[in-house]
Amino acid sequence: MLKVLKFGGTSVGNLDRIQNVANIIKNIKDDGHDVIAVVSAMSGETNKLVEYAKHFSNNATAHEMDMLLSSGERVTSALLSIALNEQGYETTSMSGREAGIVTDNAHTKARIESIDTTNMKNTINDGKTIIVAGFQGVSLNGRVSTLGRGGSDLTAVAIAGAISADLCEIYTDVDGIYTTDPRIEPKARKLKEISYDEMLELSSLGAKVLQTRSVEMAKKLNVNLVSRSSFEPHIPGTL
Ligand code: ADP
Ligand code: ASP
Ligand code: MG
């Protein structure tokens, strides 16, 4: 199977967490699957960079913000790739541009126009695992772009759709989709399955567990989505 896995900010929040993600990927590789992993910036990193920009200006251009914010995801993709390489797994990190993700020119909230999967396909055929920096692409005018907050979910779903992956697993800090935010409502009930439309309703009401645009894309491209925990990877998530 070809699996696209996405690891959010808390899941890669420190060096131990990145090692934990490397271990999850190793187990999936050892089971014989091909893996494209999409990573977020380490938790808090994107907000920190926004604050840094504000230190100098409230009017930074959208392009400078994209240059700045896209760096967070690059750090994690390179570190995770280095960690896996060290354990004998052939890996390569890729920026959005290297992964072939082309967006419109709406910097800081760009929409994906197309994905050229040639580079990713060749790399997988060479037996390598790919670690993609989430949340970014290259705009039609040739500059780095970002996809809006929470955009790494979209990167993962869009890649899974473009490359016809068998499964797209979104690893986060809760073990699935609940009837309501389990961190706010202790009586929230975990769902075994959820339809695209029900998930769209939840996320458009503010459940950031999956970015709304990513759910729209999953519905459009009929991507098999699973939401699960990187902290408790043995627990099956929500389909
Ligand atoms: P990541 O950094 O992995 O992208 P997010 O913080 O964006 O993770 O999303 C995960 C969070 O979404 C959970 O910690 C949880 O508090 C919140 N959340 C809100 N609504 C729900 C829900 N219905 N089911 C599960 N989690 C939810
Ligand atoms: N790092 C970006 C954000 O915080 C993208 C993501 O994590 O999905 O919005
Ligand atoms: Mg998120």
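Here the structure is a predicted model, which means the values were calculated and not measured.

A. Fine view of the pattern of salt bridges. Throughout the structure, instances matching the rule amount to seven salt bridges. Ionic pairing is found between D197 and K219, a salt bridge with its closest N-O pair at 2.9 Å. Separated by 22 residues along the polypeptide, D197 in helix α6 (residues 196-204) and K219 in helix α7 (residues 212-221) bring together distant segments of the chain.

B. How the structure looks around the pairing of strand β9 (residues 167-172). The buried fraction of β9 amounts to six of the six residues, a majority that puts the element mostly inside the structure. Both faces of β9 are covered, namely the face carrying L167, E169 and Y171 and the face carrying C168, I170 and T172. Relative to β9, strand β1 (residues 2-7) runs parallel, the two sharing five bridges. Its bridge partner lying in β9, K3 is registered against L167. Bridge count for β9 against strand β10 (residues 225-229) is five bridges, and the pairing is parallel. From the neighbouring strand, E169 faces β10, where its bridge partner is V226.

C. Seen up close, the site of ligand 2. Around ligand 2, the structure places S40, T46, E73, F135, R149, G150, G151 and S152. One nitrogen or oxygen atom from the main chain of G150 is found 2.7 Å from an oxygen atom belonging to ligand 2. Within the complex, the protein chains bury 85% of what would otherwise be the 260 Å² of accessible surface of ligand 2.

D. Representation of the packing of aromatic side chains in the model. Applying the stated criterion across every chain, the model contains one aromatic pair. Taken together, a centroid distance of 4.8 Å and an interplanar angle of 20° make the contact between F7 and Y171 stacked. Pair noted here: F7 is in strand β1 and Y171 is in strand β9, with a separation of 164 residues, a long-range link. Residue class for F7 comes out buried when judged on its relative accessible area of 0%.

E. Expanded view of the sheet that holds strand β8 (residues 144-146). Strand order in the open sheet formed by four strands is β5-β4-β7-β8, and the pairing between neighbours is mixed. Looking at the sheet topology across the chains shown, the edges are occupied by β5 (112-115) and β8. Adjacent strand axes in the sheet meet at a mean angle of 45° when their direction is disregarded. The sheet contact formed by strand β7 (residues 136-139) and β8 spans three bridges and is antiparallel. Paired with G137 across the bridge in β8 is S145. This element, helix α3 (residues 62-86), spans β7 and β8 of the sheet and lies at about 80° to β8.

F. The arrangement of the sheet that holds β1 in detail. Within the open sheet, the six strands sit side by side as β3-β6-β2-β1-β9-β10. Their pairing is parallel. If you trace the sheet from one side to the other, it starts and ends with β3 (91-94) and β10, each paired once. Each neighbouring strand pair of the sheet contributes to a mean axis angle of 20°, computed without reference to strand direction. Pairing analysis gives six bridges linking β1 to strand β2 (residues 34-39), with the strands arranged parallel. Of the residues in β2, the one forming a bridge with K6 is V38. Where helix α1 (residues 15-30) meets the sheet, it contacts β1, β2, β6 (129-133) and β9, and its direction lies at approximately 170° from that of β1.

What counts, and where the lines are drawn
- Residues numbered from 1 in each chain as written.
- Chains lettered and ligands numbered in written order.
- Predicted model: local features only at pLDDT ≥ 70, side-chain atom pairs only at ≥ 80, totals over all residues.
- Heavy atoms only, no water.
- Salt bridge = Lys/Arg side-chain N within 4 Å of Asp/Glu carboxyl O.
- Helix = DSSP H or I, 4+ residues; strand = E, 2+ residues; numbered from the N terminus.
- Buried < 20%, exposed > 50% of the residue type's maximum accessible area, 1.4 Å probe, protein only.
- Pairing = 2+ DSSP bridges.
- Near = heavy atom within 4 Å.
- Polar contact = N/O pair within 3.5 Å; in protein donor to acceptor, adjacent residues only side chain to side chain.
- Areas by Shrake-Rupley, 256 points an atom, 1.4 Å probe, with all protein chains shown as cover.
- Phe/Tyr/Trp six-rings, centres within 6.5 Å; stacked < 30°, edge-to-face > 60°.
- Axes fitted to C-alpha atoms, helices over the stretch in contact; angles between N-to-C directions.
- Contact = heavy atoms within 4.5 Å.

Everything listed here is a matter of geometry and, on its own, says nothing about what the molecule does.
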